[in-house]
Amino acid sequence: MMNKYRTHNCSELKQTHAGETVSLSGWLHRKRDHGNLLFIDLRDHYGLTQCVVENNNKFFSILEKLRSESVLTIIGKVVKREKGTENFELPTGEIEVDVQSIKILSEAKDLPMPVFGEQDYPEDIRLKYRFLDLRREEMHKNIILRSKVVSFIRSEMLKLGFLEYQTPILTSSSPEGARDFLVPSRLNPGKFYALPQAPQQFKQLIMVSGFDKYFQIAPCFRDEDARADRSPGEFYQLDIEMSFVEQEDIFKVLEILMVNLFQKFSSKKVLNNKFPRIPYNEAMLKYGTDKPDLRNPLLINDITNIFTRDDVKFDIFKKLVKSGSIVRCIVTKKTKDKPRSFFDNIDKWSKEQGASGLAYFTLEKNEKISAKGPVGKFFSEDSLKEIMKITKAEVGDSLFLACGKINEIEKILSISRDKIAKDLNLINEDQFAFCWIVDYPMFELDEQTKKIKFSHNPFSMPQGEIEKLDFKDPLKIKAYQYDIVCNGVELSSGAIRNHVPELMYKLFSIAGYDKKKVEEKFSGMLNALSYGAPPHGGIAPGLDRIVMLLANEKNIREITLFPMNQNAQDLMMKAPSEVEPKQLKELSIKTDIKKD
RNA sequence: GGGGGUGUAGCUCAGUUUGGUUAGAGCGCCUGCCUGUCACGCAGGAGGUCGCCGGUUCGAGCCCGGUCACUCCCGCCA
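Residues numbered from 1 in each chain as written. Chains lettered and ligands numbered in written order. Predicted model: local features only at pLDDT ≥ 70, side-chain atom pairs only at ≥ 80, totals over all residues. Heavy atoms only, no water.

### Considerations on the layout of surface pockets
Considered as a void within the structure, the second largest pocket measures approximately 910 Å³ in volume. In terms of lining residues, the second largest pocket is bounded by 30 residues, among which H29, R135, R136, E137 and E138 are the most central. Of all the secondary structure elements, the ones that give two or more residues to the lining of the second largest pocket are β1 (21-33), β2 (37-43), β3 (48-54) and α4 (137-159). Among the residues forming the lining of the second largest pocket, the class breakdown is nine nonpolar, seven polar and 14 charged. (1 Å grid on protein atoms, 1.4 Å probe; cavity = no way out; pocket = protein on both sides within 12 Å on 5 of 7 lines; lining within 4 Å. Points joined across faces, edges and corners; volume = space filled by probe spheres on them. Helix = DSSP H or I, 4+ residues; strand = E, 2+ residues; numbered from the N terminus. Nonpolar A, V, L, I, M, F, W, Y, C, P; charged D, E, K, R; others polar.)

Below is the structure:
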């Protein structure tokens, strides 16, 4: 490299360059001013180089006054540092550049937030001055990681025989799923495009078009509220679709890709090269959630039947069980010597989470087996033996019990599992534990409307032979629908698709869409499936969440170049913004409609 | 739409419990001293509507009510 700005970058120079005259360009990272001797750390994308000026140099006073983060070119001679003054933490720490001349390319004002150092700063300032925030080492590193992950995925997918296809950004609104972002059409007054929530229908149409293996790093738009791990508005999926495949074919592709990806970009251990397949119902029972963290060894067991026994006197639970509640528990191994406060804290915490609390006892054995703890006295030896059989608990273990309606129990025990494991330090942070959640129900009951709705994707293929499906009891129908989960993070859902139009009408009618409505909303799709469609299926792992796991970050903004804040505003570009009345008029849009 | 947390100097934070003189510290900035630092050091200085509005009080950064901003969570996210 050699141009008017630089002969080398700021991480290149070594002892072997000593004596050469070089030019470097970059940001003034840090100054150390000794009055008659000035050290300057010059920083670029690649690293840091220390430059030195003495007070007999005509640029000394200029450099002394120049503010941090100004951009300059330094021309000077590479000098080997004297013994004892090297900095072995820097790749360039064995040399320094003796400044001969400089050129200031861009002067920086007083900074609203420093680039130097590892201090945390308020989110709104970081977002407003994102270009400064991104200069900081941690952010810079995360963004580079993200770039490398994207490149790696592309090359792996190509190796696996996939081709990348691009799909439209302006498309039509769909009735299912999230809220759409709408774009008014100038040429079609009163009509709107929608930004794609995912290229779902397009990727299926690509299969119908005969292309066999599709992937895309696809932007997806959903107008829903933000979370720490969910950008408002937009995110990226590794969108995948394959023809003539069964569920296991898709699992194989994803396992190869994920294992390679996570091994390449993290030093953490991938627990299983073949990810465990856990049926949805089993996951809800054993973990209370369909995104279990398998690093956590704690399991949930159902012990409702214990509370129908006459030799169990725990009347509060017995009464609830009689009226339809269930009891489930978490066993913790060898916790008999934990102090009372350990158990009480978890009980107290669960109440803060809105539960009615967690009962607990510890299994002991003197002459006979007994339960120690506030509710221990209610259990006979025989009932404890039965509990031990069901839960595989042993003497010295403790049980945390929750009683209530199934949804409440699943929820509280799911978060209790996390909480207790954290308190007992049971989670190995150096692991990635992947799993597949399979056999999702096709439909579920909407709690509010009491109507049957699609539980996941309306285009999924129901399991079993089509002729034998029992549409009278639709809640029992399972789908070829699956999620991939890593360390308790839901990375993606996918499905084998329904490529049979008649079946699709049937399924939609169960969810309350008549034939006309289905034809109206999915005409493109249905039409395509009527002229020879291959059986196909796919998946779409969230790219942002993959990078978060690899970068070990809890917040999606830490791995996104220019994120919006929680209110879906870009504080740097000032989006969204008002527009000229003329623009609105062209689009046939009025903005004076009041919200209810 | 709802709940929690935070808001004091350009930045990070202390002070709020128990209302009471001129609201402090570190970083940054400005001035001076300093030739081997790499978080350079030393001395001095500037910098504040204590988010905003209202209330209680002789007196409010501190108590009360409202409001705004940021954030985390619930709802929502096929």
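### Here we look at the protein's contact with RNA strand B
Around RNA strand B, the surrounding shell holds 45 residues, and the nearest of these are D33, N36, P122, E224 and H456. Protein-adjacent atoms of RNA strand B, using a 4 Å cutoff, are sugar or phosphate at a proportion of 52%. Here G177 contributes a backbone N or O atom positioned 3.1 Å from a sugar or linking oxygen of RNA strand B. Take R227: an N or O atom from its side chain is 2.7 Å from a base nitrogen of RNA strand B. Within the residue set of the surface near RNA strand B, elements represented by two or more residues are β1, β2, β3 and α2 (123-128). A total of three residues in the surface near RNA strand B trace back to one element, the largest contributor, which is β1. (Near = heavy atom within 4 Å. Polar contact = N/O pair within 3.5 Å; in protein donor to acceptor, adjacent residues only side chain to side chain.)

### Digging into helix α12 (residues 501-510)
For an α-helix, 3.6 residues make a turn, and residues three or four places apart therefore share a direction. Most of α12 sits inside the fold, with seven of its 10 residues counted as buried. Looking only at α12, the buried set comprises P501, L503, M504, Y505, L507, F508 and I510. As for α12, its buried residues are in contact with β20 (443-445), β21 (452-454) and α13 (515-529). Two residues or fewer past α12, G512 is found with a positive phi of approximately 90°. (Buried < 20%, exposed > 50% of the residue type's maximum accessible area, 1.4 Å probe, protein only. Contact = heavy atoms within 4.5 Å.)

### Thoughts on the nonpolar core
Of all hydrophobic cores here, the largest spans 68 residues; its most connected members are F262 and F434. Counting residues per element, this core draws most heavily on helix α6 (residues 247-265), at 10 residues. Look past the residues within four positions of F262 in its chain and what remains in contact with it is V270, F432, F434, C486, I546, L549 and L550. Counting 24 residues, the second largest nonpolar core, distinct from the first, contains A359, F361, A371 and V375. (Core = buried A, V, L, I, M, F, W, Y, C linked by side-chain atoms within 4.5 Å.)

### Looking at the packing of helix α9 (residues 340-352) against helix α11 (residues 406-423)
Look at α9 against α11: their axes get within 11 Å of each other, and the N-to-C directions meet at 145°. In terms of crossing hand, the pair formed by α9 and α11 is right-handed. Contacts between α9 and α11 pair F342, I346, W349 and S350 from the former with I412, I415, S416, K419, I420 and D423 from the latter. Grouping the constituent residues of the contact of α9 with α11 by class yields six nonpolar, two polar and two charged. (Axes fitted to C-alpha atoms, helices over the stretch in contact; angles between N-to-C directions. Left-handed = near helix turned anticlockwise from the far one by under 90°.)

### With respect to the environment of E12
Within the secondary structure, E12 sits in the segment before β1. Take E12: its relative accessible area is 32%, and that puts it in the partly exposed class. Sequence-wise, E12 and T49 are 37 residues apart; in three dimensions their C-alpha atoms are separated by 8.6 Å. Polar side-chain contacts of E12 include one of 2.7 Å to the backbone nitrogen of N9.

### Some details on empty space enclosed by the protein
A water-sized probe, rolled over the atoms, reveals where empty space remains. In total, this model carries two cavities of 30 Å³ or more according to the counting rule given. Along its surface, the largest cavity is lined by L127, R130, F562, P563, D570, L571 and M572. In this structure, the second largest cavity spans a volume of roughly 30 Å³. Forming the walls of the second largest cavity are T167, P168, I169, P196, P199, Q216, A218 and P219. Broken down by class, the residue content of the lining of the second largest cavity amounts to six nonpolar, two polar and no charged.

### A short note on the pattern of salt bridges
Under the definition given, this model contains 37 salt bridges. Of the charged contacts, one joins R309 and D311 as a salt bridge, the two residues approaching to 2.9 Å between their closest N and O atoms. The class of R309 is partly exposed, set by a relative accessible area of 23%. For D311, a relative accessible area of 25% corresponds to the partly exposed category. A salt bridge links K333 to D397, with the shortest nitrogen-to-oxygen separation between them at 2.6 Å. With K333 in the loop between β14 (326-332) and α9 and D397 in the loop between α10 (381-391) and β17 (398-404), the pair connects residues that are 64 residues apart, well separated along the chain. The class of K333 is partly exposed, set by a relative accessible area of 42%. Linked by salt bridges that have partners in common, R126, R130, D133, R136 and E558 make up one network. (Salt bridge = Lys/Arg side-chain N within 4 Å of Asp/Glu carboxyl O.)

### Section: the sheet that holds strand β4 (residues 71-80)
Ordered by their spatial adjacency, five strands build a closed barrel running β1-β2-β3-β5-β4, and the pairing between neighbours is mixed. The mean inter-strand angle of the sheet, taken between neighbouring strand axes irrespective of direction, is 55°. (Pairing = 2+ DSSP bridges.)

### With respect to unusual backbone geometry
Among all residues save glycine, negative phi is the norm, and among peptide bonds the norm is trans. Looking along the chain, the bond that leaves A575 and enters P576 is cis, with omega of -5°. Looking at the secondary structure, you find P576 in the loop between α14 (543-551) and α15 (581-586). Even without a glycine there, the phi angle at D212 is positive, about 75°. On the secondary structure map, D212 appears in the loop between α5 (200-208) and β9 (213-222). Of the residues examined, D212 reaches a relative accessible area of 32% and is grouped as partly exposed. A positive phi is found at N425, a non-glycine position, where the angle reads about 60°. With respect to the secondary-structure elements, N425 resides in the loop between α11 and β18 (431-432).

### Quick notes on the confidence of the model for chain A
Per-residue pLDDT for chain A averages 93, and the proportion of residues at 70 or more is 99%. Looking at the elements of chain A, mean pLDDT is at its lowest for β21, recorded as 85, and at its highest for strand β6 (residues 163-164), recorded as 98. Reported confidence for the predicted complex is 0.90 by ipTM and 0.93 by pTM. (pLDDT = per-residue confidence, 0-100.)

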